[in-house]
Amino acid sequence: MRRGLKYVPPALLLLALLELTVFVLVGRGVGFGFAVLLVFAASLLGLVLLRREGMRAWRGFRAAVESGQPPGRQVTDGLVGLLGALLLALPGLVSGVVGLLLLVPPLRRLAGVGVRRATERRVSSMVAGDLFGPRRVRVRRGAPQPAPTPQQQPPVAEPGRAIEGEIVEPGR
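Draft legend 1. The environment of Gly-81, seen in detail. As for its placement among the helices and strands, Gly-81 is situated in helix 3 (residues 72–89). Gly-81 gets classed as buried once you look at its relative accessible area, which sits at 0%. Sequence-wise, Gly-81 and Leu-103 are 22 residues apart; in three dimensions their C-alpha atoms are separated by 6.0 Å. If sequence neighbours within four positions are ignored, Gly-81 has contacts with Glu-53, Leu-103 and Arg-108.

Draft legend 2. Main features of helix 3. Compared with the 26 Å implied by 1.5 Å per residue over 18 residues, the 25 Å span of helix 3 between its first and last C-alpha is a close match. What helix 3 keeps buried is the set Gly-72, Thr-76, Gly-78, Val-80, Gly-81, Gly-84, Ala-85, Leu-87, Leu-88 and Ala-89. The inward-facing, buried residues of helix 3 abut helix 2 (32–66), helix 4 (93–103), helix 5 (105–122) and helix 6 (125–132).

Draft legend 3. Quick peek at the packing of aromatic side chains. Within this structure, the stated rule accounts for two aromatic pairs. With 5.8 Å between their ring centres and 80 degrees between their planes, Phe-23 and Phe-32 make a pair best called edge-to-face.

Draft legend 4. Molecular detail of the nonpolar core. By size, the foremost hydrophobic cluster in this structure holds five residues: Ala-42, Leu-49, Ala-85, Leu-88 and Leu-103. For this core, the elements supplying multiple residues, two or more each, are helix 2 and helix 3.

Draft legend 5. Up close: the packing of helix 2 against helix 3. At a minimum axis separation of 7 Å, helix 2 and helix 3 run at an interaxial angle of 170 degrees. In terms of orientation, helix 2 lies roughly antiparallel with respect to helix 3. Across the contact of helix 2 with helix 3, the residue classes tally to 14 nonpolar, seven polar and three charged.

Draft legend 6. Structural context of the side chain of Ser-95. Assignment of secondary structure puts Ser-95 in helix 4. By relative accessible area, Ser-95 is classed as buried at 7%. Among the polar contacts made by the side chain of Ser-95, one reaches the main-chain carbonyl oxygen of Leu-87 at a distance of 3.4 Å. Setting aside residues up to four positions removed in sequence, Ser-95 forms contacts with Glu-19, Leu-87, Leu-88 and Leu-90.

Draft legend 7. Examining the packing of helix 4 against helix 5 more closely. Two numbers describe how helix 4 lies on helix 5: the axes approach to 5 Å, and their chain directions differ by 90 degrees. As judged from the angle between their axes, helix 4 and helix 5 are roughly perpendicular. Contacts between helix 4 and helix 5 involve Leu-101, Leu-102 and Leu-103 on the former and, on the latter, Pro-105, Leu-107, Arg-108 and Ala-111. Partitioned by chemical class, the residues of the contact of helix 4 with helix 5 number six nonpolar, no polar and one charged.

Draft legend 8. Highlighting a nonpolar patch on the surface. Taken together, Val-30, Phe-34, Leu-37, Leu-38, Phe-40, Leu-44 and Leu-47 make up a surface patch of nonpolar side chains, about 700 Å² in accessible area. The dominant element in the nonpolar patch, judged by the number of residues it contributes, is helix 2, at six residues. Here Val-30 shows up in helix 1 (residues 8–30).

Draft legend 9. Examining the pattern of salt bridges more closely. As enumerated under the stated definition, the model contains seven salt bridges in all. With a shortest N-O distance of 3.0 Å, Asp-77 and Arg-108 are connected by a salt bridge. Of the two residues, Asp-77 sits in helix 3 while Arg-108 sits in helix 5, which places them 31 residues apart along the sequence. Overall, the relative accessible area of 7% leaves Arg-108 in the buried class. A single salt-bridge network, built from bridges that share partners, covers Arg-52, Glu-53, Arg-56, Asp-77 and Arg-108.

The rules behind the values
Residues numbered from 1 in each chain as written. Predicted model: local features only at pLDDT ≥ 70, side-chain atom pairs only at ≥ 80, totals over all residues. Heavy atoms only, no water. Helix = DSSP H or I, 4+ residues; strand = E, 2+ residues; numbered from the N terminus. Buried < 20%, exposed > 50% of the residue type's maximum accessible area, 1.4 Å probe, protein only. Contact = heavy atoms within 4.5 Å. Expected span 1.5 Å × (residues − 1). Phe/Tyr/Trp six-rings, centres within 6.5 Å; stacked < 30°, edge-to-face > 60°. Core = buried A, V, L, I, M, F, W, Y, C linked by side-chain atoms within 4.5 Å. Axes fitted to C-alpha atoms, helices over the stretch in contact; angles between N-to-C directions. Parallel < 35°, antiparallel > 145°, perpendicular 65-115°, else oblique. Nonpolar A, V, L, I, M, F, W, Y, C, P; charged D, E, K, R; others polar. Polar contact = N/O pair within 3.5 Å; in protein donor to acceptor, adjacent residues only side chain to side chain. Patch = residues over 30% accessible without salt bridge, like charges linked within 9 Å, V, L, I, M, F, W, Y side chains within 5 Å. Areas by Shrake-Rupley, 256 points an atom, 1.4 Å probe, with all protein chains shown as cover. Salt bridge = Lys/Arg side-chain N within 4 Å of Asp/Glu carboxyl O.

Here's what the structure looks like:
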């Protein structure tokens, strides 16, 4: 996780240069005043949506918890909506377009699936189950796997010690 942090400052610098370049190009195309107005309007819309998306995410989370359902879908949907509104609120045309795209329902669902998968990879199975409910596993019929040889015997669990894993039923 920390290895990727060294790329954050150069990425932010590149993003700032990209935003500045796009702003200059749009300013030349439609005029400087209109470009400033466009950035200002997008930021204002982002601030309004930030409040709305935050309240929507909180209500969805509370409704899921009160009904006894796993709140993961509402949390990921809320996070993607908040990220979209935050990117829209940031002054910049590129971040505004990305923020708007994250607020479009089909793209929002797609980004939510990505957030869910990334979360499931980073947390334990137990936490992922609590957040998103039981996992759905695809089981394919195929040739039975050969029995492990004595050198490949799986480790035997010590009494009282839990082993994390999945149960796979043969023939299903």
